[in-house]
Structure formats: structure tokens, C-alpha cells
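Survey of secondary and tertiary structure
Spelled out, the chains give:
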Amino acid sequence: MAEQNIFILGIESSCDDTSASVINNGRVLSNVVASQKIHEEYGGVVPELASRAHQQNIVPVVHQAIKKAGIKKERLNAVAFTRGPGLMGSLLVGTSFAKSLAYGLNIPLIDVNHMQAHILAHFIEEDGFEKPPFPFLAMTISGGHTQIVRVDDYFEMTVIGETIDDAVGEAFDKSGKILGLGYPAGPEIDKRSKLGNPNAFPFPKPKVGELNFSFSGLKTAILYFIRKEEKANPNFVTENLNDICASIQYTIIRILMDKLKKASKSTGIKHIAIGGGVSANSGIRKALKDGEQKFGWTTYIPKFEYTTDNAGMIAIVGYLKYLERDFAEQDVMASARLKI
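What counts and what doesn't
- Along each chain, numbering runs from 1 in the same order as the chain's sequence is written.
- Confidence filtering applies because this is a predicted model: local features only for residues at pLDDT of at least 70, side-chain atom pairs given and counted only at 80 or more, and all residues used for totals across whole chains, interfaces and linings.
- Side-chain metrics rest on all non-hydrogen atoms present in the structure, leaving aside hydrogens and water.
- The rule for a salt bridge is simple: a side-chain nitrogen of Lys or Arg has to be within 4 Å of a carboxyl oxygen of Asp or Glu.
- To qualify as a helix, a DSSP run of H or I must reach at least 4 residues; to qualify as a strand, a run of E must reach at least 2; elements of each kind are numbered from the N terminus.
- Relative accessibility decides the category of a residue: with a 1.4 Å probe and only protein chains considered, values under 20% of the type maximum give buried, values over 50% give exposed, and everything between is partly exposed.
- In this text, buried Ala, Val, Leu, Ile, Met, Phe, Trp, Tyr and Cys residues form a nonpolar core when linked through side-chain atoms within 4.5 Å.
- Whether two residues are in contact is decided by their heavy atoms: any pair within 4.5 Å suffices.
- Cavities and pockets were defined on a 1 Å grid built from protein atoms only: a cavity is a group of points that admits a 1.4 Å probe but offers it no way out, a pocket is an open group of points flanked by protein on both sides within 12 Å along at least five of seven lines, and a lining residue is one with an atom within 4 Å of any such point.
- Grid points are joined across faces, edges and corners, and a volume is the space filled by probe spheres set on the points.
- Asp, Glu, Lys and Arg are counted as charged, while Ala, Val, Leu, Ile, Met, Phe, Trp, Tyr, Cys and Pro are counted as nonpolar; the rest, among them Gly, fall into the polar class.
- By the criterion applied in these results, polar contacts are pairs of N or O atoms within 3.5 Å in which, for protein atoms, one can donate a hydrogen and the other can accept it, and in which residues neighboring in sequence qualify only through two side-chain atoms.

**A look at the pattern of salt bridges**
Applying the stated rule across the entire model yields 17 salt bridges. Two residues, Asp 290 and Lys 286, come together in a salt bridge whose shortest N-O distance is 3.0 Å. With a gap of 4 residues between them, Asp 290 and Lys 286 both fall in helix H8 (residues 282-295), about one helical turn apart. Taking the relative accessible area as the measure of exposure, Lys 286 reaches 53% and is therefore exposed. Here the salt bridges share partners, and the residues they tie into one network are Asp 166, Glu 170, Lys 174 and Lys 219.

Okay, structure coming up:
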């Protein structure tokens, strides 16, 4: 193709992180993320506060991303943005800004599915990181999503398993809340689980169809277990916190890995990739690597900064869509429940 030097600006605003990234021919030049600390005191994301914070952050974050990339905004070939899924108020901020910028610069606008972006983050040009070959299985695990996706090409994806209630990130955070941990609780549970016994307290594994997930029953079982133990010993959580965290993490990992094993067996696909914020969990990463020895898998784990919500993953999808000339119109709308 004629254009050899393509610069794409990616904008991500699906939840509580405002992010902008510039990619040049698939290689990230900048990836700026502004996190919102305000939600910590509420123990979860407050949608109205999130959208207000996006409005404050988006101009400086985009400005910084372009500046860090070492280019002028006039050098951009297209603007890619998260269309959905996510919180509607948050998505509207990113969508409106991206439309205005693309219109002002008279360049193409590219809409991106947030969940596809978590998967296609594996195709960012990054030294030392292999790209999965097609077809592969992708397990996307985050605060809002838990899915197993069969990926046959960049934009040929089929969800073959997903959660019927809570996402895995919610399971970590709600369990943490029961234990009195701060928000988000996932990283703290992960850290403490390394110091505890994963077999100390057996928690039930939910029985749901084939490749789907369920985590609400686990959360309820943990709640009742803690209540019962604290009746007998008010200091139970404090005295056993590391063991409880290790047991919770071990149960969640078993649920994820059992479904992944089933998916690999039923499809015959042994290339396994993970994405989403929860894929930063050290126990999940280890279990995945163990699968290489046990099941003959080849596993793909993206660079840490591309696992949580970030605009680098939006920009790479923008780049791939730009090559296909797959552009959006100015009347494109944000969609909170956008499907793969």
C-alpha cells in the first residue's frame, strides 16, 4: 500500500481510566493512562464520577500522548476510540472527543470494540513478545468481563463461553470487600495468596453449562463461610487472612483453568492467549504457563501495561482497521453493551 508511515491515535474511556496512545505502524510510541483514585473510597466505580473525571482528563491525556510520541497532531492518519462495551457516560466522553478531533483534522474516525482490543493487544509490535497464530483461544478476564473467545482472524471472533453473572474481577473485589480489603482487592488477594495455604479452606466450584462461568455463588459461599467462622472467633479473618486469600485465589484459578482446558479439548486449539486486567494476576499467569507442560499449550501473555484498560490496545485495532479502510461515520454512537 502507498502509505508506509501510519500514525494512529487511540482513545480509551470505557470505565474509570482515561487513556490515549499513539501507534506508528503497529509500534507504540506513547501510552498515557490517567487513573481515577476517587472510586477507592466508595469500594467500586461510581459511573457519574467516572464520566466527570474523563471530561477533566481527556484533553491533557491526549495532548501528552501526542507530545510523547514526538509528532504534531496534523501527522495523525486516523483517530480510533472505544465505542463499547463500558459505562455509557464514560464512553460518551471518549466518543465525542474522538469525533470532534477527527472532524477538526479531517481524518478518518475508527470505532473499536473494547473486548476485541483486549485480544488484539497481542499484535502490538513489542520486542520479546510472540504474536499468537490463527486460530487461537483468548480468555479475556477483567472487572466487567469473563469470556473465552475463538479467534480465527483479526476480526473473526466467536464467544464460546462467558460468565452468566459476575465477572472474575468482581469475584476478587467482592471477596475482598467481605474480608475488609481496599478497592480494587484483586492485587491484594494475589499478594497475600503467596503467603498462604491454597488448600486451607475449600470453596465450592459452581456447576454451569459447558464453557460458561458463574462467580456469584462463590461470592455467596465466601460470605456465609466468613460469617459462620467469625461467630465462633471474631478475629478469624485477621488471624487467617493469607490462607483465606490463597484459598479464594486457588478456587478462582481452578474455575478458569477447567473451562480453558475444556475449550482447548473441544476445539483442538492449543494456542492460548489471555487479556484483560485480571490477567495481571500472578497465579493465573503461572497456571497458564503450567498448562504448556501439562497440556502441550503454547501460551501468550501480553506486556503488563497492555493487560489493563489502556489506549495502546485501542490504537492497534485502529491500525489494523485502517489497513482495511474500515472507518466509522460521524454519526456513530457509543454502545454500552456492544458485543464481539
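**Some thoughts on the nonpolar core**
Counting 42 residues, the largest nonpolar core has Leu 179, Phe 215, Ile 252 and Leu 256 as the members making the most contacts within it. Counting only elements with at least two residues in this core, the list comes to strand S6 (136-141), helix H4 (168-178), helix H6 (216-232), helix H7 (236-267), strand S9 (271-275) and H8. Excluding its chain neighbours within four sequence positions, the residues that come into contact with Phe 215 are Thr 146, Thr 163, Asp 165, Asp 166, Ala 167, Val 168, Ala 171, Ile 252, Ile 255 and Leu 256. Core analysis: the next-biggest nonpolar cluster, separate from the first, contains 30 residues, Ile 124, Ile 316, Val 317 and Tyr 322 among them.

**Some thoughts on the layout of surface pockets**
Space inside the second largest pocket adds up to approximately 440 Å³. What lines the second largest pocket is a set of 20 residues, and nearest its centre among them are Tyr 250, Ile 253, Gly 283, Ala 287 and Asp 290. Among the elements of the structure, H7 and H8 are those that each provide at least two residues to the lining of the second largest pocket. Across the lining of the second largest pocket, the residue classes break down as 7 nonpolar, 6 polar and 7 charged.

**Section: the side chain of Asn 281**
Among the secondary structure elements, Asn 281 is positioned in the loop between S9 and H8. Judged by relative accessible area, which is 7%, Asn 281 ranks as buried. Within the structure, the side chain of Asn 281 is placed 2.9 Å from the side chain of Gln 249, a separation counted as a polar contact. For Asn 281, the contacting residues outside a window of four places in its chain are Phe 172, Asp 190, Gln 249 and Ile 253.

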